[in-house]
Every structure is written in C-alpha cells, then in structure tokens.
Amino acid sequence: MMTYDSTNIFAKILKGELPCHKVHEDDNALVMMDIFPQSKGHTLIVPKAPSRNLLDADPAAISAVMPLVQRVARAVKAATNADGIRLAQFNEAPAGQTVFHLHFHVIPVYEGVPLGAHAGGKADDAELAALAQDIAARL
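Residues numbered from 1 in each chain as written. Predicted model: local features only at pLDDT ≥ 70, side-chain atom pairs only at ≥ 80, totals over all residues. Heavy atoms only, no water.

(A) Main features of the sheet that holds strand β1 (residues 22–25). Pairing is antiparallel in the open sheet, where five strands are placed in the order β1-β2-β3-β5-β4. Strand pairing shows two members of the sheet lacking a second neighbour, β1 and β4 (84–88), which therefore form its edges. Averaged over all pairs of adjacent strands, the angle between strand axes in this sheet comes to 20°, irrespective of strand direction. Of the strand pairs in this sheet, strand β3 (residues 43–47) and strand β5 (residues 104–109) are connected by three bridges, and their pairing is antiparallel. Counted as the bridge partner of Leu 44 is His 105 from β5. The strands touched by helix α2 (residues 59–80) are β1, β2 (29–33), β3, β4 and β5; relative to β5, the strand with the most contacts, the crossing angle is about 25°. (Pairing = 2+ DSSP bridges. Helix = DSSP H or I, 4+ residues; strand = E, 2+ residues; numbered from the N terminus. Axes fitted to C-alpha atoms, helices over the stretch in contact; angles between N-to-C directions. Contact = heavy atoms within 4.5 Å.)

Quick look at the structure:
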C-alpha cells in the first residue's frame, strides 16, 4: 500500500495554504465545492484525519464523518433541486482517485442531464460561492 503524502492538495487546503469554496467545517471534516464539478452542486467532504483513502483510514475517522456525508447529501439535494444524489469515493489511481487524501463526492443528478467527466472543466467561482452559501444554509 502507498503511503500518505502530506503535501497533497486537500492537505494544503486543510492547513489553509490553498483556498476553497467552503460550505462547512467542523472538528472532523471540511466540506467544499468541487472546482471541477461533474454537475451543478458537486460537493466534497474531506475528513481532517490524514489517510490516503478508505483502505488506510482509521475506522473511527470514517464513523465520525459519515453522518456529515448524509447531512451534506440532503442539503445539496435541497439546494439544487436535484432529482437524485450520487455518492462516490475512489481508492487508488486505477479506480479513478486523483487526489490521494480520503474524500467523498456528493454529486447531484438531474433527470435527463448526463454527468460531466470527472475533473472535466473548472466551474465559475461566483457560481461556486453562491452554491456553497445555499448548501450551507440547509445544513
């Protein structure tokens, strides 16, 4: 198994070294907008405990963050009027993981609208900021 790299982009965001469109933060996790969304409202939940992915994560850290994942999914669905929610979590590059810090994707799904490619294109910052506020208001 590969080791955790404390210089990954999410670790830098958690340390305040890089900006993000923050939705929520607590002792266990940071919730932020995905800047390369697959759909409008694509949100990330990033546990603060350092782990590469689900395979090496402390079970207590996973247990602590999963209620927040559910709350975020409900808030995203309400804020975006999505028809459904897709929850995704990737483990290692062959499975699609591109940032090697455990994180969960909450991806709104809209009837008849195909999802964009993972990391396909950068979203508008003003739109992300507005979505972050709308989702935060529903948490």
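(B) How the structure looks around the pattern of salt bridges. Under the criterion given, the structure shown has four salt bridges. Here Lys 22 and Glu 25 are joined by a salt bridge, their closest N and O atoms 2.7 Å apart. When the shortest N-O distance is used, the salt bridge between Lys 48 and Glu 25 registers 2.9 Å. Residue Lys 48 is found in the loop between β3 and α2, and its partner Glu 25 is found in strand β1; the two are separated by 23 residues along the sequence. The class of Glu 25 is partly exposed, set by a relative accessible area of 36%. In this structure, a network of salt bridges that share partners links the residues Lys 22, Glu 25 and Lys 48. (Salt bridge = Lys/Arg side-chain N within 4 Å of Asp/Glu carboxyl O. Buried < 20%, exposed > 50% of the residue type's maximum accessible area, 1.4 Å probe, protein only.)

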